[in-house]
Amino acid sequence: MRTVLIAALGLTCAMPALAADTPSKPVRLGLCAACHGETGMAQIPGAPNLAGQRLDYLRKALKDYRDGSRDVPLMRAAIGPVSDADLDQLARWYSAQTPQPQAATQP
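Residues numbered from 1 in each chain as written. Predicted model: local features only at pLDDT ≥ 70, side-chain atom pairs only at ≥ 80, totals over all residues. Heavy atoms only, no water.

A. Structural context of the side chain of glutamine 97. Within the secondary structure, glutamine 97 sits in the segment after helix H5 (84-96). In this structure glutamine 97 comes out as buried when scored by relative accessible area, which is 17%. Here the side chain of glutamine 97 touches tryptophan 93 through a polar contact of 3.0 Å, landing on its backbone oxygen. Apart from the residues lying within four places of it in its own chain, the contact partners of glutamine 97 are Thr39, Ala51 and Gly52. (Helix = DSSP H or I, 4+ residues; strand = E, 2+ residues; numbered from the N terminus. Buried < 20%, exposed > 50% of the residue type's maximum accessible area, 1.4 Å probe, protein only. Polar contact = N/O pair within 3.5 Å; in protein donor to acceptor, adjacent residues only side chain to side chain. Contact = heavy atoms within 4.5 Å.)

Next up, the structure:
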């Protein structure tokens, strides 16, 4: 019984640390999710999956789309005047998602 209590106490203490690693859902997720999915798995053909991408890569890519360094008009329009804080929140969200296997398409 004592072992079970110690294990339960250990898990209880670890839970806040685990929750801190999971970012909250970004306020600006809606427009991104239309193409890239809420969990980072693409919803439309040609849109890349973002789930599990490196945080630093996503941050830079989003800033480059917003600032025009990466010339993709659709992305620039979608991101628009999004703040650095909002871009960081989106990058954190998508990098924390777990990629899911894609269903095989049949010819």
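Don't stop here, the text continues.
B. Here's a closer look at the pattern of salt bridges. For the structure on display, the rule yields eight salt bridges. For arginine 66, the salt bridge identified is with aspartate 67, shortest N-O distance 3.0 Å. In this structure arginine 66 comes out as buried when scored by relative accessible area, which is 17%. Judged by its relative accessible area of 47%, aspartate 67 is partly exposed. For aspartate 84, the salt bridge goes to arginine 66, with nearest N and O atoms at 2.8 Å. Of the two residues, aspartate 84 sits in helix H5 while arginine 66 sits in helix H3 (residues 55-67), which places them 18 residues apart along the sequence. Through salt bridges with shared partners, a single network forms among Arg59, Asp88 and Arg92. (Salt bridge = Lys/Arg side-chain N within 4 Å of Asp/Glu carboxyl O.)

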